[in-house]
Amino acid sequence: MNIRSWLVSVVGILSVLAFVPAQASDESAGADTASTTVREYVDVSAYLTSDADIEAWYQLVFGLRQNFDDICGDTFCEGDFSNIQSLRFRCSVDRLTGTIGQCVWVFAASNEEVDPATGKVVVDTQTWRCKSPLARGTHISEFLAALAGPSPLTATLPRTNRSIYDGLGDCL
């Protein structure tokens with residue numbers, strides 16, 4: 001074997017060896033990527049597409065606000081902050097699976113007093129971010145079905161023994 005043939009053989013072997021580990025690492029990286037699901041959460045309003053689901057969501061939000069207003073004076077709206085207002089109820093949903101990431105209900109209130117010496121109105125404000133006590137892996141369709149009806153605030157959440165009302169008790 002002359003030196004030229006030997007160099008061609010060595011270069012050929014080295015190029016094959018250089019290619020094999022790169023290909024193997026690409027394949028193993030592909031396997032890791034396939035087993036790791038990338039989650040992308042969106043607002044529930046961006047996830048729901050059917051008219052029935054959209055209507056169910058709006059009915060749920062309306063019902064929660066109505067239920068809260070009905071009980072507020074006898075429960076949460078006593079004491080320093082007697083004017084608690086529901087600002088918004090929002091949920092995040094995994095775009096691919098429909099699994100809820102989290103639901104949060106935001107409230108605000110204020111207490112105002114007049115300073116008799118100056119005539120100034122002294123304002124004390126408060127906000128709350130109340131998480132709903134959801135079971136891990138709750139699908140938005142389960143959630144909408146379980147809370148359909150006239151009393152979503154006290155309806156039992158899927159796969160739990162708790163309600164959104166229970167979550168408010170822990171928060172407000």
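Higher on the page you've got the structure.
The notes below deal with the structure included here. (Residues numbered from 1 in each chain as written. Predicted model: local features only at pLDDT ≥ 70, side-chain atom pairs only at ≥ 80, totals over all residues. Heavy atoms only, no water.)

What follows is about the overall build of the protein. A tally of regular secondary structure across the protein gives five helices and four strands. When its helices and strands are written in sequence order, the protein yields α-β-α-α-β-β-β-α-α. Counting all 172 residues of the protein, 28% fall into the buried class. Within the protein, contacts between residues separated by at least 24 positions form 56% of all contacts whose residues are at least 6 apart in sequence. When the accessible surface of the protein is totalled, it reaches about 11,100 Å², and 54% of it is carbon and sulfur. (Helix = DSSP H or I, 4+ residues; strand = E, 2+ residues; numbered from the N terminus. Buried < 20%, exposed > 50% of the residue type's maximum accessible area, 1.4 Å probe, protein only. Contact = heavy atoms within 4.5 Å. Areas by Shrake-Rupley, 256 points an atom, 1.4 Å probe, with all protein chains shown as cover.)

Take the pairing of strand 2 (residues 85-94) next. Note that strand 1 (residues 41-43) and strand 2 share three bridges and pair antiparallel. Within strand 2, the residue paired with D43 across the bridge is S92. As judged from the eight bridges shared by strand 2 and strand 3 (residues 100-114), these two strands associate in the antiparallel manner. In the strand pairing of strand 3, Q85 is matched with A108. In this structure, the hairpin formed by strand 2 and strand 3 is closed by a connection of five residues, where G98 is found at a positive phi of approximately 80°. (Pairing = 2+ DSSP bridges.)

One turn of an α-helix holds 3.6 residues; hence residues three or four places apart share an orientation. All buried positions along helix 5 (residues 164-171) are accounted for by I164, G167 and L168. Down the axis of helix 5, the sector holding all buried residues measures 100°, keeping them to one side. Turning to helix 5, the residues buried within the fold contact helix 3 (51-72), strand 2, strand 3, strand 4 (121-131) and helix 4 (140-146). Capping the start of helix 5, S163 holds a side-chain oxygen 3.3 Å from the backbone nitrogen of Y165, two or three residues further along. (Arc of directions from axis to C-beta. Polar contact = N/O pair within 3.5 Å; in protein donor to acceptor, adjacent residues only side chain to side chain.)

Let's shift gears to the sheet that holds strand 4. Reading across the sheet, the four strands line up as 1-2-3-4 and stay open at both edges, with antiparallel pairing between neighbours. Of all the strands in the sheet, just strand 1 and strand 4 have a single pairing partner and so form its edges. For this sheet, the mean angle separating the axes of adjacent strands, direction not counted, is 20°. Packing against the sheet, helix 3 makes contact with strand 2 and strand 3, and its axis sits at approximately 145° to strand 2. Packed on one face of the sheet, helix 5 meets strand 2, strand 3 and strand 4 and runs near 135° to strand 4. (Axes fitted to C-alpha atoms, helices over the stretch in contact; angles between N-to-C directions.)

The next subject is the environment of R136. Along the chain, R136 turns up in the loop between strand 4 and helix 4. What makes R136 exposed here is its relative accessible area of 82%. The sequence separation of R136 and I100 amounts to 36 residues, and the corresponding C-alpha distance is 8.1 Å.

Looking now at the nonpolar core. Formed by 30 residues in total, the largest nonpolar core has its most connected members in W57, F68, I84, F89, W105, F143 and I164. Elements that contribute at least two residues to this core include exactly helix 3, strand 2, strand 3, strand 4, helix 4 and helix 5. For W105, the contacting residues outside a window of four places in its chain are L64, R65, F68, S86, R88, F89, W128, R129, C130, L153, I164 and L168. (Core = buried A, V, L, I, M, F, W, Y, C linked by side-chain atoms within 4.5 Å.)

On to unusual backbone geometry, then. Unusually for a residue other than glycine, R159 sits at a positive phi of about 60°. Its place among the elements puts R159 in the loop between helix 4 and helix 5. Exposure remark for R159: the relative accessible area of 52% places this residue in the exposed category.

Function-wise, these values are silent; they only describe arrangement.
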